[in-house]
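What the coordinates show
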Amino acid sequence: MDETATRASDGDTDDTAVPFSFAELFYSRTDKSGVILSGNSVFQRTSQYGWDELVGRPHSIVRHPDMPRGVFRLLWDFLEAGRPLGAYVKNRAKDGRQYWVFAVFTPVDGGYLSVRIKPSSAMFPLVRQVYRTLLAVEQNNALSPPESMERLKAEIQALGFDDYETFMAVAIREELAARDDRLGRRRQSFVDRFADMTDNARAMQKEIAQIVSTYEANRYVPLNLQIQSAHLGRDGTSIGVISSNFSKVAAGTQSEIDTFGKSAAAVFRQICEGQFLLCAAKIQDEILAFHTDETAASERAGQQGEADMLRAQCDEYRRLAGDGLSSIRCILQSFDDDYRRMKQCAINLEVIRIMGKVDAARLQIGQSELGALIEELKVFQTAVSVSLGKIEGQSFEMRSDADGIVGALQSAA
């Protein structure tokens with residue numbers, strides 16, 4: 001396959017695309033108003049403008065009319081808050097041809113920096129469809145940029161992502177992996193490790209949600225047991241006590257799960273943040289090498305200052321990603337204590353349920369409604385035990401991946 005080809009279902013073809021290879025990276029830098037201050041030769045060549053036409057002009061000079069305004073509203077919201085953003089962008093060159101990029105926009109001293117790669121992952125066509133849909137809604141409903149931005153977030157969530165931050169973390173990871181595949185080179189080890197961590201963190205959240213859902217579905221079983229035991233008079237006293245104990249332990253289990261769920265959610269967010277920062281640093285590291293080679297042959301002034309800026313931000317993002325991973329490791333280590341407490345709750349639930357079953361058998365009411373309710377307690381207890389077993393394995397695998405990434409970062413330092 002020709003690596004310069006860009007084919008899409010939205011009408012983008014070789015004839016309408018400016019060719020550039022997967023090996024090429026480009027960047028541009030603007031002031032805080034979005035006015036172009038500098039860039040590299042790939043940006044200049046792909047845009048088809050001369051440097052005298054680019055420097056001092058708004059970066060919107062390359063904006064394509066197919067781009068929804070909500071994407072740029074989101075971009076400015078992130079940058080003005082001092083946060084980096086990753087996004088797919090369709091640009092238009094001076095001659096009218098288009099070119100797609102996955103861009104990482106970051107705040108720098110005095111303005112903003114954008115580094116771009118050629119997109120090719122499975123995420124790419126999904127986003128093009130989202131943009132087509134959003135553009136049509138913008139035009140048909142006269143959406144304002146903020147309204148379009150909110151619609152964009154909703155469309156991203158409809159793809160299965162919690163929010164845009166989660167989406168861009170997965171997108172940059174997938175684009176790096178796809179680019180390595182296109183270039184026929186081995187993937188960065190942290191890319192696959194982050195993919196595994198994300199999958200395990202998401203699976204852990206699902207297990208927690210499953211426990212909560214099962215608790216909600218069975219929360220009135222102990223109460224119904226107490227009502228039924230009251231009908232038995234003195235014979236049902238022990239069943240009432242067992243039901244009360246089960247209810248208390250189940251509520252305690254739910255409380256532990258709620259606390260654990262908040263910690264798991266925090267881990268997931270930090271995984272996404274660390275993943276994005278480390279992938280962004282990887283792109284910046286590569287473009288720095290690309291820039292160094294280009295600078296040697298360049299007569300344009302100020303190129304060493306650009307290199308220093310790229311290097312400083314690359315180092316900073318690696319540091320932030322490493323700090324985030326260290327925090328993840330600490331939280332995962334605390335999961336051991338959380339897991340032991342939840343497991344003990346599950347054991348207590350099983351003991352109480354068995355006592356209820358024994359008492360029901362002693363009273364010879366195993367086939368009655370009371371006996372059926374006691375059996376229903378097993379649903380919750382079993383769900384907790386099964387999910388806890390999965391959570392333990394997921395926590396171990398995430399910790400192993402985090403250790404591996406941290407170790408690799410320390411070795412590269």
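Residues numbered from 1 in each chain as written. Predicted model: local features only at pLDDT ≥ 70, side-chain atom pairs only at ≥ 80, totals over all residues. Heavy atoms only, no water.

Observations regarding the overall build of the protein
Cut-off, in case you're wondering: Counting from the N terminus, the helices are the DSSP runs of H or I reaching at least four residues and the strands are the DSSP runs of E reaching at least two. Burial here depends on accessible area, computed with a 1.4 Å probe over protein chains only, as a share of the maximum for the residue type. Under 20% is buried, over 50% is exposed, and the range in between is partly exposed. Residue contacts are defined here by distance: any two heavy atoms, one from each residue, within 4.5 Å place the two residues in contact.
Within the protein, the regular secondary structure consists of eleven helices and five strands. Within the protein, the fraction of its 413 residues that count as buried is 49%. Of the contacts made within the protein by residues no fewer than 6 positions apart, 72% connect residues no fewer than 24 positions apart.

Brief notes about a nonpolar patch on the surface
Heads up, the condition is: Patch building starts from residues that exceed 30% relative accessible area and form no salt bridge, then joins like charges within 9 Å and nonpolar side chains (Val, Leu, Ile, Met, Phe, Trp, Tyr) within 5 Å. Each accessible area is a Shrake-Rupley result for a 1.4 Å probe, and residues are judged covered by the shown protein chains and nothing else. Should a side-chain nitrogen of Lys or Arg be within 4 Å of a carboxyl oxygen of Asp or Glu, the pair is scored as a salt bridge.
Together, Tyr220, Leu223 and Ile227 line one region of the surface with nonpolar side chains, adding up to about 300 Å² of accessible area. For Tyr220, the position within the fold is in the loop between α7 (189–218) and α8 (221–231).

Here we look at the pattern of salt bridges
Under the counting rule described, the total for this entry stands at 27 salt bridges. Across the salt bridge formed by Lys90 and Asp66, the nearest N and O atoms sit 2.6 Å from each other. Of this pair, Lys90 sits in strand β3 (residues 85–92) while Asp66 sits in the loop between α2 (51–54) and α3 (69–80), and the two are 24 residues apart along the sequence. Take Lys90: its relative accessible area is 4%, and that puts it in the buried class. Asp66 gets classed as partly exposed once you look at its relative accessible area, which sits at 32%.

Considerations on helix α6 (residues 164–182)
Going by this rule: What a helix should span is 1.5 Å times the count of its residues minus one. In protein, a polar contact requires one atom able to donate a hydrogen and another able to accept it; more generally it is a pair of N or O atoms within 3.5 Å, and residues adjacent in sequence count only if both atoms are side-chain atoms.
In this model, α6 (19 residues) spans 26 Å end to end at C-alpha, consistent with the 27 Å of a helix rising 1.5 Å per residue. A large share of α6 lies buried, amounting to 15 of its 19 residues. In this structure Asp163 caps α6, since a side-chain oxygen of it lies 3.3 Å from the backbone nitrogen of Glu165.

As for α3
Here α3 is twelve residues long and its end C-alpha atoms lie 17 Å apart, about the 16 Å a rise of 1.5 Å per residue gives. Within α3, burial applies to Gly70, Val71, Phe72, Leu74, Leu75, Phe78 and Leu79. The inward-facing, buried residues of α3 contact β3, β4 (98–108), β5 (111–117), α4 (123–141), α5 (145–158) and α6.

Comments concerning the sheet that holds β4
Definition in use: Pairing between two strands is assigned when DSSP locates at least 2 bridges connecting them. To define axes, lines are fitted to C-alpha atoms, for helices over the stretch in contact only, and angles between the resulting N-to-C directions are given on a 0 to 180 degree scale.
The sheet built from five strands is open, its strands ordered β2-β1-β5-β4-β3 with antiparallel pairing. Looking at which strands have only one partner, the edges of the open sheet turn out to be β2 (36–39) and β3. Within this sheet the neighbouring strands show an average axis-to-axis angle of 30°, counted without direction. In this sheet, β4 lies alongside β3 in antiparallel orientation, the contact comprising eight bridges. Each bridged residue has a counterpart across the sheet, and for Asn91 the counterpart in β4 is Tyr99.

Section: the nonpolar core
Definition in use: Take the buried residues of types Ala, Val, Leu, Ile, Met, Phe, Trp, Tyr and Cys, join any two whose side-chain atoms come within 4.5 Å, and each joined set is a nonpolar core.
With 110 residues, the main nonpolar core has Leu85, Tyr88, Tyr131, Tyr164 and Phe167 as its most contacted residues. Among the elements that make up this core, the one with the highest residue count is helix α9 (residues 237–296) (20 residues). Not counting residues within four places of it along the chain, the set of residues in contact with Phe167 comprises Tyr88, Met123, Val127, Ile156 and Phe161.

Quick notes on the packing of aromatic side chains
Quick reminder of the rule: Stacked, tilted and edge-to-face pairs are distinguished by plane angle, under 30 degrees for stacked and over 60 for edge-to-face with tilted covering the rest, among Phe, Tyr and Trp rings (Trp via its six-membered ring) whose centres lie within 6.5 Å.
Considering all chains together, one arrives at 14 aromatic pairs under this definition. Here Phe20 and Phe26 contribute two aromatic rings whose centre-to-centre distance is 5.5 Å and whose plane-to-plane angle is 90°, an arrangement assigned as edge-to-face. Residues Phe20 and Phe26 agree in their burial class; the two are buried. Centre to centre, the rings of Tyr88 and Phe167 are 6.4 Å apart; their planes meet at 45°, and the pair counts as tilted.

Quick word on the pairing of β5
Counting buried positions along β5 gives seven out of seven residues, so the element sits mostly inside the fold. Summarising the sheet, strand β1 (residues 26–31) and β5 pair through six bridges and their orientation is antiparallel. Looking at β5, one finds that Arg29 is bridged to Leu113. Two successive antiparallel strands, β4 and β5, enclose a turn made up of two residues, where Gly110 displays a positive phi of approximately 85°.

Some details on the environment of Asp109
Tracing the backbone through its elements, the reader meets Asp109 in the loop between β4 and β5. Residue Asp109 is classed as exposed on the basis of its relative accessible area of 73%. Along the sequence, Asp109 and Asp31 sit 78 residues apart, while their C-alpha atoms lie 8.9 Å from each other.

Things to note about the confidence of the model for the protein
Operational definition: Residue-level confidence of the predictor is summarised by pLDDT, bounded by 0 at the bottom and 100 at the top.
Looking at the protein, the pLDDT average stands at 85 and 87% of residues meet or exceed 70. Mean pLDDT values over the elements of the protein span from 71, in α8, up to 97, in β3. Of the regions scoring below 50 in pLDDT, residues 1–9 engages in 26 contacts with residues more than four places distant in sequence or in other chains.

Side note on the packing of α6 against α7
Describing two packed helices takes the angle between their axes plus the distance from one axis to the other. Test applied: Note on convention: near helix rotated counterclockwise from far helix by under a right angle means a left-handed crossing. Clockwise means right-handed. For this scheme, ten residues count as nonpolar: Ala, Val, Leu, Ile, Met, Phe, Trp, Tyr, Cys and Pro. Four count as charged, namely Asp, Glu, Lys and Arg, and the remainder, Gly too, count as polar.
At a closest axis distance of 10 Å, the pairing of α6 and α7 adopts a crossing angle of 145°. Two packed elements cross with a definite hand, and for α6 against α7 that hand is left-handed. Residues Thr166, Arg173 and Ala177 of α6 lie in contact with α7, whose contacting residues are Val191, Phe194, Ala195, Thr198 and Arg202. Each residue belonging to the contact of α6 with α7 can be placed in one class, and the counts come to four nonpolar, two polar and two charged.

Quick notes on unusual backbone geometry
Although it is not a glycine, Gln48 sits at a positive phi angle of roughly 75°. Here Gln48 lies in the loop between α1 (41–47) and α2. In this structure, Ala142 takes a positive phi of about 50° despite not being glycine. One can find Ala142 in the loop between α4 and α5. For Ala142, a relative accessible area of 63% corresponds to the exposed category.

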